[in-house]
Amino acid sequence: MGFARACSVALVGVEGVVVEVQADLEPGVAAFTLVGLPDKSLVESRDRVRAAVVNSGAEWPQKKLTVGLSPASVPKSGSGFDIAVACAVLGAAERIDPAAIADVVMIGELGLDGRVRPVRGVLPAVLAAAEAGYRQVVVPEQTAGEAALVPGISVLGVRSLRQLIAVLGDEPVPEEPAGGPGRPDTMLAGLMVPGAGLGTGLAPPSDGTGHLPDLAEVAGQGRARKAMEVAAAGGHHLLLTGPPGAGKTMLAERLTAILPPLTRQESLEVTAVHSVAGILPPGEPLISGAPYCAPHHSATMQSLVGGGNGLPRPGAVSLAHRGVLFLDEAPEFSVRALDALRQPLESGHVVVARAAGVVRLPARFLMVLAANPCPCGRHTLAGAGCECPPSAVRRYQARLSGPLLDRVDLRVEVEPVGRADLMGSGGRGESSAEVAARVREARERAGERLAGTPWTTNSEVPGHELRTRLVAAPGALMAAERDLERGLLTARGLDRVLRVAWTVADLRAADRPDASDIAVALELRTGIQRGVPMAAGAP
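My aim in this report is to walk through the structure given alongside it, one point at a time. (Residues numbered from 1 in each chain as written. Predicted model: local features only at pLDDT ≥ 70, side-chain atom pairs only at ≥ 80, totals over all residues. Heavy atoms only, no water.)

## Regarding the overall build of the protein chain
When helices and strands are counted, the protein chain shows 22 helices and 16 strands. For the protein chain, buried positions account for 50% of its 539 residues. Relative to all contacts within the protein chain whose residues are 6 or more apart in sequence, the contacts with residues 24 or more apart total 72%. A total accessible area of about 23500 Å² is found for the protein chain, and carbon and sulfur atoms account for 53% of it. (Helix = DSSP H or I, 4+ residues; strand = E, 2+ residues; numbered from the N terminus. Buried < 20%, exposed > 50% of the residue type's maximum accessible area, 1.4 Å probe, protein only. Contact = heavy atoms within 4.5 Å. Areas by Shrake-Rupley, 256 points an atom, 1.4 Å probe, with all protein chains shown as cover.)

## Quick look at the pairing of strand 4 (residues 64-70)
In this structure, strand 2 (residues 15-26) lies alongside strand 4, joined through seven bridges in antiparallel fashion. Along strand 4, the bridge assignment pairs Glu20 with Ser70. (Pairing = 2+ DSSP bridges.)

## Quick word on helix 3 (residues 82-92)
With eleven of its eleven residues buried, helix 3 lies for the most part within the structure. Every buried residue of helix 3 is listed here: Asp82, Ile83, Ala84, Val85, Ala86, Cys87, Ala88, Val89, Leu90, Gly91 and Ala92.

## A closer look at the layout of surface pockets
Roughly 900 Å³ of volume is contained in the second largest pocket. Lining the second largest pocket are 35 residues, with Arg322, Arg443, Thr456, Thr457 and Glu460 sitting closest to its centre. Of the residues contributing to the lining of the second largest pocket, the split by class is 13 nonpolar, nine polar and 13 charged. (1 Å grid on protein atoms, 1.4 Å probe; cavity = no way out; pocket = protein on both sides within 12 Å on 5 of 7 lines; lining within 4 Å. Points joined across faces, edges and corners; volume = space filled by probe spheres on them. Nonpolar A, V, L, I, M, F, W, Y, C, P; charged D, E, K, R; others polar.)

## Quick look at the nonpolar core
In terms of nonpolar packing, the biggest core is built from 56 residues, with Leu238, Leu255, Ile258, Val368, Ile518 and Leu524 touching the most fellow members. Here this core gets eight residues from one element, more than from any other, and that element is helix 21 (residues 491-507). Sequence-distant contacts of Leu255, defined by excluding residues within four places in its chain, comprise Met228, Ala232, Val324, Leu366 and Val368. Ala23, Val67, Ile96 and Leu110 belong to the second largest nonpolar core, which has 40 residues in total. (Core = buried A, V, L, I, M, F, W, Y, C linked by side-chain atoms within 4.5 Å.)

## A look at the packing of aromatic side chains
For the structure shown, the criterion picks out two aromatic pairs. A ring pair is formed by Phe32 and Trp60, whose centres lie 5.7 Å apart and whose planes are at 40 degrees; its orientation type is tilted. You can see Phe32 sitting in strand 3 (residues 31-35) and its partner Trp60 sitting in the loop between helix 2 (45-55) and strand 4, a full 28 residues away along the chain. What makes Trp60 buried here is its relative accessible area of 10%. (Phe/Tyr/Trp six-rings, centres within 6.5 Å; stacked < 30°, edge-to-face > 60°.)

## What to know about the sheet that holds strand 10 (residues 238-241)
Reading across the sheet, the five strands line up as 11-12-15-10-16 and stay open at both edges, with parallel pairing between neighbours. What marks the edges here is a single partner per strand, and that holds for strand 11 (292-293) and strand 16 (410-413). Direction of pairing for strand 11 relative to strand 12 (residues 324-327): parallel, over a ladder of two bridges. In the strand pairing of strand 12, Tyr292 is matched with Val324. On the sheet, helix 8 (residues 222-234) packs against strand 10, strand 15 (366-371) and strand 16 and is oriented at approximately 165 degrees with respect to strand 16. (Axes fitted to C-alpha atoms, helices over the stretch in contact; angles between N-to-C directions.)

## So, the pattern of salt bridges
Enumeration according to the criterion identifies 26 salt bridges in this entry. For Asp113, the salt bridge is made with Arg115, and the minimal N-O distance between the two is 2.8 Å. Between Glu217 and Arg254 there is a salt bridge; the shortest N-O distance is 2.6 Å. Of this pair, Glu217 sits in the loop between helix 7 (161-168) and helix 8 while Arg254 is found in the loop between helix 9 (248-253) and helix 10 (264-277), placing the two residues 37 residues apart along the sequence. The partly exposed category is assigned to Glu217, whose relative accessible area is 36%. Look at Arg254 and you get buried, because its relative accessible area is 8%. (Salt bridge = Lys/Arg side-chain N within 4 Å of Asp/Glu carboxyl O.)

## A short note on the packing of helix 5 (residues 122-131) against helix 10
With their axes 7 Å apart at the nearest point, helix 5 and helix 10 run at an angle of 120 degrees to one another. One element, helix 5, and the other, helix 10, form an angle in the oblique class. The residues of helix 10 that touch helix 5, namely those facing Val122, Leu123 and Pro124, are Leu268, Thr271, Ala272, Ser275 and Val276. Grouping the constituent residues of the contact of helix 5 with helix 10 by class yields six nonpolar, two polar and no charged. (Parallel < 35°, antiparallel > 145°, perpendicular 65-115°, else oblique.)

Take a look at the structure:
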């Protein structure tokens with residue numbers, strides 16, 4: 001009787017559980033039994049592994065073979081267990097030393113010819129292995145760079161099972177030819193989900209010509225530009241309302257250009273989500289810039305917050321983690337889909353419960369809503385001929401529910417662009433680089449103030465801290481308190497006004513908010529003119 005074990009990782013959302021793959025050989029009729037709660041794709045690994053072992057030049061044991069995946073109570077899915085199953089079988093058959101694979105985590109799919117194919121979710125899987133104390137992993141060659149992002153891990157990237165057997169047996173490693181020059185690499189197909197990429201609304205970093213969207217291309221819109229700067233500096237959610245063609249989408253597409261670069265930890269979080277979702281660009285294992293996700297208004301609730309058959313998969317809110325979620329034509333989204341955003345807006349994560357299990361997905365994003373004032377979009381334009389009846393206007397605007405709008409810190413009406421601004425005689429606006437510099441300085445001030453706390457931006461600070469420890473200047477809250485008494489602000493709204501005021505103070509390098517900062521925050525939230533300067537870059 002022979003026995004050997006190897007290790008692999010089962011992913012549940014973006015979290016991993018180390019699975020011990022045990023192989024046991026006993027005398028009897030040749031059979032291959034796989035136990036441990038596998039799904040359909042994992043059950044099929046019996047045929048893949050057998051063919052891969054034989055085509056790699058190794059002998060398949062003609063005995064009763066049982067492969068167990070432990071812990072048996074955890075659902076296992078996907079084809080990433082193939083390498084671990086093959087090595088455990090070869091270890092039980094004494095083709096390789098069982099001790100050489102006992103503490104090695106192996107992730108990858110096997111082709112029938114023995115080639116190792118990449119799979120999705122390598123980064124979160126290796127992170128889970130590192131947290132469990134493992135220090136050696138074997139992954140497909142194409143994803144070795146992604147696995148190497150985890151510190152303290154020794155990564156072996158292999159191209160075929162034949163190479164892996166030689167490395168484990170201390171034998172000469174055979175050369176495996178790569179694909180011919182100019183031919184598409186079919187091995188990368190396992191990294192991309194059909195229909196992902198641009199179909200999800202993830203914008204590429206440029207338009208394909210190397211040109212990056214810049215704020216200097218936006219004509220006029222000083223108030224909206226100021227609101228975008230405040231949103232980027234403090235992580236505040238933003239609502240842009242205005243007629244069609246005013247520039248709402250142009251502004252939203254340029255928001256990521258003024259956001260600070262991701263920290264190392266944030267980059268790992270974003271890369272892990274995109275790896276699981278199958279939209280990680282090949283050859284770019286680490287995402288360093290804030291992601292941008294703009295789903296179509298026909299998106300379902302499951303596509304926004306996460307879902308799907310079996311274990312839930314990341315939705316748009318998770319794909320926009322640490323970045324921007326832009327909902328263009330927001331009133332056209334279904335009411336259920338919009339209201340499903342209320343919980344992640346507060347908590348920064350999504351908990352999706354399905355029959356197959358419960359998954360917790362990260363979802364700390366900056367939401368930008370764009371909406372027309374009425375179905376035809378001309379309601380606020382003087383003499384534009386809006387024929388929408390008042391009841392239709394009310395129904396259209398009511399599709400954005402009060403509880404959802406209460407979680408939006410900044411609400412700006414985008415005015416139509418005038419002839420002077422459009423033709424360039426009004427002066428060129430600031431570039432994204434100039435605004436990004438101020439945003440970065442404001443983030444640094446907030447980071448110094450919040451050092452030693454679990455928060456990094458002003459939008460995350462709880463209201464209790466804002467009223468007790470991080471207090472505004474004496475008498476600065478009088479206007480906000482009056483609005484609270486009149487019913488123009490809720491208790492949550494007052495907290496959000498304080499957060500925005502701190503961001504405005506950070507942008508002008510002040511120690512704490514004063515009455516003018518509170519006035520700016522109130523105007524950005526309520527839309528009521530307060531007589532304060534609102535031009536972009538104004539203190």
